[in-house]
Every structure is written in structure tokens, then in C-alpha cells.
Amino acid sequence: MARRRARTLARWQNHLTSALSSPGALVLLPTLTLAVYMAAGETGLIWFSLSMPGLYLIFGQGALRFRASDPAVPGILTRQAFSEIVSQTLKQAHAEDRFAVIYAIALSEFDALADRYGQAAADTVVLRTGERLIATLRDVDSVAQLGDARFGICTAPLRHLDLETCIQMASRLQTALEEPVAINGVNIYVSASVGFCQHTRAPDSAGDAWMHAALTALREAQHRGPSAIRAFSDQMRIAIETREEIRDDVVKALDSGQIQPWFQPQISTDTGEITGFEALARWHHPQRGILLPKDFLPAIESAGLLERLTEVMMYHTFAALKAWDGADAHVPQVGVNFTSSELRNPRLTDKVRWELDRFDLTPDRLAVEVLETVVACTPDDLITRNINALGAMGCRIDLDDFGTGHAAITSIRRFSVSRIKIDRSFVMKADRDPEQQRMISAILTMAERLEVETLAEGVETVGEHVLLAQLGCDHVQGYGIGRPMPFDQTLDWISRHTAKLADTPRFMDGKSG
């Protein structure tokens with residue numbers, strides 16, 4: 001009942017505010033003033049004049065609580081209105097001994113979506129997201145937009161709501177949101193991260209604390225990768241707080257060898273053989289376990305240690321190459337990521353050459369991975385000279401996350417790109433979506449004409465792998481091939497993969513049948 005009263009009040013306040021602030025009200029104001037004077041005289045006119053500011057203050061300010069901005073989807077509340085309903089729901093759940101849950105949902109890589117398809121298309125995706133949430137939930141549940149691509153859901157109290165039911169509901173919401181959105185004949189795919197908090201696990205009796213807990217779970221889900229679902233716990237809150245504390249540890253971590261590369265395999269779609277690895281930074285923290293780059297890269301960047309991180313990654317990567325050579329494991333190359341700040345180092349080429357000489361490795365064993373956004377946006381002559389110098393030295397140049405940065409074909413030529421890495425947003429569900437297939441085919445055709453190799457990132461299913469092979473993509477990488485692993489696990493993985501290839505029948509000049 002409290003929820004319905006709040007919504008009814010919001011509707012009446014919105015109607016009255018619209019009437020008071022509309023151009024029509026201004027047109028009628030002289031007529032209304034004259035009518036009051038004729039009916040009640042000068043005294044009535046004085047009271048009417050004094051009451052008008054009060055009406056605006058009472059109803060206008062009250063409505064602003066519910067309409068900080070006009071929601072594009074009917075039924076979507078503003079953050080302030082949602083906060084009030086959360087507090088009411090929490091009190092009701094405690095009073096009636098029932099159960100409720102708050103979900104916080106975020107669309108992944110929203111900025112990249114706007115860059116790729118345009119802001120209008122991104123806004124349409126957000127609009128459809130709100131509509132789908134409304135359609136999936138009950139009428140008594142509340143939905144709010146908490147940011148550009150974030151939504152909150154507060155369920156009305158239920159008699160039964162355990163953890164398993166909450167997870168099933170989160171999965172149902174996620175499935176609804178990840179259906180393609182058709183805009184101008186193009187299917188746009190998004191992934192959604194979901195965090196939630198049951199009211200019985202809220203860290204405080206206040207509604208704001210309950211909502212903050214759900215947002216904390218959402219941040220943890222976003223740290224775990226695309227389409228992750230996480231439930232709030234006290235351990236999660238502690239883990240997030242510790243991220244703020246690791247800044248003091250990064251210098252020691254780099255010097256003591258706690259930060260090292262983990263290696264994710266890349267294989268040929270033609271033969272299935274290993275064509276390389278990508279080196280991905282991991283921090284083996286003595287107290288907090290394995291930390292991902294998103295947990296510690298901001299601390300390294302703020303400490304001005306990005307170049308030191310690159311030195312550490314190159315050292316351990318080249319050491320791994322020598323160890324694989326010594327074990328007769330054929331690994332042609334390893335990709336190492338270079339940021340724009342690192343590419344501005346005037347001594348970069350000398351440093352890379354010195355490290356290669358130190359390990360007696362030829363330059364073609366190193367793939368310099370450069371984000372497409374760096375290539376597309378840089379006017380920096382030093383970055384251009386460094387990338388071209390590394391290419392002239394014999395290093396391979398990989399253009400990372402291709403399709404997200406609007407790099408021109410001339411940029412691919414200008415930077416002597418050896419291979420483009422097709423972003424996972426193109427690969428996701430490509431085996432089921434003809435539009436995704438056409439986009440990939442267009443990229444592959446362009447790459448073939450430019451005589452540039454291709455690698456598809458984020459390959460997670462057999463169907464995606466098979467499709468990419470059929471379309472002519474040269475290499476694949478992703479969880480469906482192998483997850484990132486520390487060096488001491490790579491030799492076993494290489495042995496198992498090689499044995500699996502040996503047991504696979506071969507036809508037509510080495511292609512698997």
C-alpha cells in the first residue's frame with residue numbers, strides 16, 4: 001500500500017507541476033487573475049497572489065523529488081523516489097517478517113557502445129533495457145535508473161526469497177537484457193553485470209545502506225568480468241575496501257616479483273597449433289590472493305609506475321620464452337600490452353632491443369599490443385615513431401580491441417600493423433547472429449586485402465570457434481581455448497593440447513576434418 005501511495009502521489013504532483021509550469025498556465029494566468037478579482041474582490045486577489053508561490057514551492061519541490069529528470073520509460077523511477085521506496089520496503093519487510101532484495105544492474109562497456117554505434121543508438125539500448133526490466137518484473141516491484149547505464153530494482157516483500165531464488169531471478173533479468181537490440185537493421189549485443197543484496201544481509205537497518213550494499217555487489221560483479229552475478233557479503237565489502245589500501249604495496253610488489261605475467265594461449269584456426277600467448281599482468285598478493293589488473297592498475301598509474309610494470313612484464317615474458325625453448329615447446333611469440341604513456345618514452349626502442357639481446361631472442365618473438373584507440377586518436381609523432389621503429393626492428397605489431405576505436409585503414413598502414421585483434425563485442429554470440437557474422441566477414445575481407453593477419457578475442461564457445469574458422473579468421477583466443485595461467489601451468493597445457501592435436505584426424509593438407 002505504501003508503494004502504491006508513493007506512486008500515486010508522484011503522479012498527482014507531476015500532473016500539477018506540469019500544469020503550473022506549462023505555457024498554457026502562463027496564458028491563462030491573466031484570465032484567472034481577473035476571474036478571482038471579479039468573484040472575491042481585492043482581498044481575494046491578494047490571497048490568490050500570495051498563494052501562487054506556495055503552490056509552486058509545495059508541489060513543484062515535492063515533484064522534483066520524484067522527477068529529477070523526466071524518465072524516458074513509464075514506470076522508471078528517479079534515484080530519489082527509488083531511495084524512498086527502498087526505505088519503505090525495508091521497514092515493511094521487517095514489520096511483516098517477509099523478504100525483499102535489491103538488484104543493481106549495469107550494462108558493460110557502455111562508453112565503447114556509444115563510440116561504436118553513436119550516442120543515439122546507445123540511448124536507445126538504455127531505453128530498451130528499462131522497458132525489458134519493467135516487462136520482466138511484477139507490477140509491485142520498483143525500477144529506477146541510477147546512471148547512464150545502471151538500473152536498480154527493489155522487489156516488494158515476499159513470503160519466501162532464498163539465495164537460490166535471487167540468483168535465478170538475476171539470471172532471468174540478465175537473459176532478458178542480453179537479447180539483441182535491433183537499431184536500423186543492426187543487432188546490438190550488450191552484456192550486463194548484476195549485483196544484489198537480500199534485506200536480511202544488509203549491513204545496516206537504513207535503506208541507503210541496503211542500496212549501497214547492492215551497488216557494492218555490482219562493482220564486484222564488474223570486476224569479475226562480463227555477465228557476472230554477485231551477491232553481497234561482508235567479505236565482499238572488506239575486499240573492495242582493501243583495493244584502496246593496496247596503493248602502498250605496488251612498489252614492493254613490482255620489485256619483489258609479486259606482479260608477473262599470466263599467459264593466455266592463442267591458436268591457429270587452420271591447424272589448431274599454438275601460435276602464441278598473450279601476457280596478462282597478475283598480482284600474487286601475499287594476503288589477498290590473485291589480483292586482476294583492474295584492481296591494481298589505477299594504483300600503478302597514480303604512482304607513475306606504468307613503465308616499470310612494462311619492464312617487469314617484458315623480463316618475465318622473455319624468461320618464459322627461453323624456458324619454453326629449453327623445454328622444446330614451440331611458442332612462436334608472446335604479446336605484451338603497451339599503453340600510450342609507455343609508447344611516449346623516447347628510449348622505448350632501446351629498452352626493448354636491450355631486453356631481447358639480454359635473453360638472446362629475435363624481435364619477431366615479441367608482439368607489441370597497441371589499443372586501437374591509441375592508433376585512432378594519437379597525433380603524437382613520438383608514439384608513431386616508436387611503433388614504427390619497433391616494427392622495423394622486427395617486432396610484430398598487434399592492433400588490440402579492433403572495432404572500438406574508429407581506426408582508419410590508413411592508420412593500419414601507417415603503423416605497420418601485423419595483425420588486428422577483433423574485439424569480443426563482435427565475437428559474442430556470432431554463431432547465432434547473422435549481423436555479427438556480416439560484421440566479422442567485413443573485417444576479415446578488409447584484413448585480407450591489406451595482407452594483415454586476424455585474431456578473434458573472447459572466443460568462449462565451440463560454435464563461435466567453428467564459425468570464425470569457417471569465415472577465415474587466422475587465430476582465436478578466449479576462455480573457450482584456455483584461461484590465463486601462470487607460467488608453471490603452461491607446459492602441462494601445451495603438452496595436453498599437443499596430444500589432443502595428435503589424436504585428431506587430419507585431411508586436406510593439415511586441416512582437421
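Everything quoted here is computed from the prediction, not taken from an experiment.

### Focus on the sheet that holds strand E7 (residues 192-198)
Reading across from one edge, E1-E3-E4-E2-E7-E8 is the order of the 6 strands in this open sheet, with mixed pairing throughout. Strand pairing shows two members of the sheet lacking a second neighbour, strand E1 (76-77) and strand E8 (229-231), which therefore form its edges. Running at roughly 25° to strand E4 (residues 150-154), helix H3 (residues 79-96) makes contact with E1, strand E2 (101-107), strand E3 (142-145) and E4 of the sheet. This element, helix H7 (residues 207-223), spans E2, E4, E7 and E8 of the sheet and lies at about 145° to E7.

### Let's talk about the pattern of salt bridges
Taken as a whole, this structure holds 15 salt bridges when the rule is applied. The salt bridge partner of arginine 128 is glutamate 131, with a shortest N-O separation of 3.4 Å. With arginine 128 and glutamate 131 both in helix H5 (residues 119-136), this residue pair falls 3 residues apart, about one helical turn. By relative accessible area, which is 35% here, glutamate 131 ends up partly exposed. A salt bridge links arginine 365 to aspartate 325; its shortest N-O distance comes to 3.0 Å. Of this pair, arginine 365 sits in the loop between helix H13 (348-358) and strand E13 (366-371) while aspartate 325 sits in helix H11 (residues 306-326), placing them 40 residues apart in sequence.

### Considering the packing of aromatic side chains
Within the structure shown, the criterion is met by 9 aromatic pairs. Measuring from centroid to centroid gives 5.0 Å for phenylalanine 277 and tryptophan 324, while their planes differ by 15°, and the two rings are stacked. Here phenylalanine 277, found in strand E10 (residues 274-285), pairs with tryptophan 324, found in helix H11; they are 47 residues apart in sequence, far enough to count as distant. Residue phenylalanine 277 shares its accessibility class with tryptophan 324, and that shared class is buried. Each residue in the set Phe263, Phe277, Trp324, Phe487 and Trp493 is aromatic and connected to the rest through ring pairs, giving one cluster. Between arginine 483 and the ring centre of tyrosine 479, over which it is positioned, the NZ or CZ distance is 4.0 Å.

### Overview of the packing of H11 against helix H20 (residues 487-502)
Geometry of a packed helix pair, given as the angle between the helix axes and the separation of the axes. One can describe the packing of H11 onto H20 by two numbers: an axis separation of 11 Å at closest approach and a directional angle of 35°. Crossing angle aside, the handedness with which H11 passes H20 is right-handed. For the pair formed by H11 and H20, the contact residues are Ala320, Ala323 and Trp324 on the first element and Phe487, Thr490, Leu491 and Ile494 on the second. For the contact of H11 with H20, the residue count by class is 6 nonpolar, 1 polar and no charged.

### Considerations on a negative patch on the surface
Taken together, the side chains of Asp111, Asp115, Asp123 and Asp148 define an acidic patch exposed on the protein surface. Secondary-structure assignment places aspartate 115 in helix H4 (residues 110-117). Looking at aspartate 115, the relative accessible area reads 44%, which means it is partly exposed.

### Describing the pairing of strand E9 (residues 259-268)
The element E9 is extensively covered by neighbouring structure, given that 8 of its 10 residues are classed as buried. Hairpin connection, E9 to E10: the antiparallel pair is bridged by 5 residues, and glycine 272 has positive phi, about 85°. Pairing of E9 with strand E17 (residues 475-477), which is carried by 3 bridges, proceeds in the antiparallel orientation. Paired with serine 268 across the strands is histidine 475, a residue of E17.

Basis of the calculations
Residue positions are given per chain, counting from 1 as you read along its sequence in written order. At least 70 in pLDDT is required for a residue's local features to be given in this predicted model, at least 80 for side-chain atom pairs to be given and counted, and no such filter applies to totals for whole chains, interfaces and linings, which use all residues. Computation of side-chain values: all heavy atoms of the structure, hydrogens and water removed. Strands were regarded as paired on the criterion that DSSP finds at least two bridges between them. Each helix is a run of DSSP H or I of at least 4 residues and each strand a run of E of at least 2, with the numbering of both proceeding from the N terminus. Any two residues whose heavy atoms approach within 4.5 Å are treated as being in contact. Note on geometry: axes are C-alpha line fits, over the in-contact stretch for helices, and angles between N-to-C directions span 0 to 180 degrees. Counted as salt bridges are all cases of a side-chain nitrogen of Lys or Arg within 4 Å of a carboxyl oxygen of Asp or Glu. Any residue under 20% of the maximum accessible area for its type is buried, any over 50% is exposed, and the rest in between are partly exposed; the area is computed with a 1.4 Å probe on protein chains only. Side-chain rings of Phe, Tyr and Trp, where Trp is taken by its six-membered ring, are said to pair if the distance between their centres is within 6.5 Å; with planes under 30 degrees apart they count as stacked, over 60 as edge-to-face, and otherwise as tilted. Our definition puts a charge over a ring when NZ of Lys or CZ of Arg is within 6 Å of the ring centre and also within 35 degrees of the ring normal. When the near helix sits turned anticlockwise from the far one by under a right angle, the crossing is termed left-handed; a clockwise turn instead gives a right-handed crossing. Under this grouping Gly is polar, as are all residues other than the nonpolar Ala, Val, Leu, Ile, Met, Phe, Trp, Tyr, Cys and Pro and the charged Asp, Glu, Lys and Arg. Exposure above 30% relative accessible area and the lack of any salt bridge qualify a residue for a patch; like charges then connect within 9 Å, and the nonpolar side chains Val, Leu, Ile, Met, Phe, Trp and Tyr within 5 Å. Accessibility throughout is a Shrake-Rupley quantity obtained with a 1.4 Å probe, and a residue counts as covered only by protein chains that appear here. The sign given to each residue is positive for Lys and Arg and negative for Asp and Glu; His and the chain ends receive no count. Here the site of a charge means NZ on Lys, CZ on Arg, CG on Asp, or CD on Glu.

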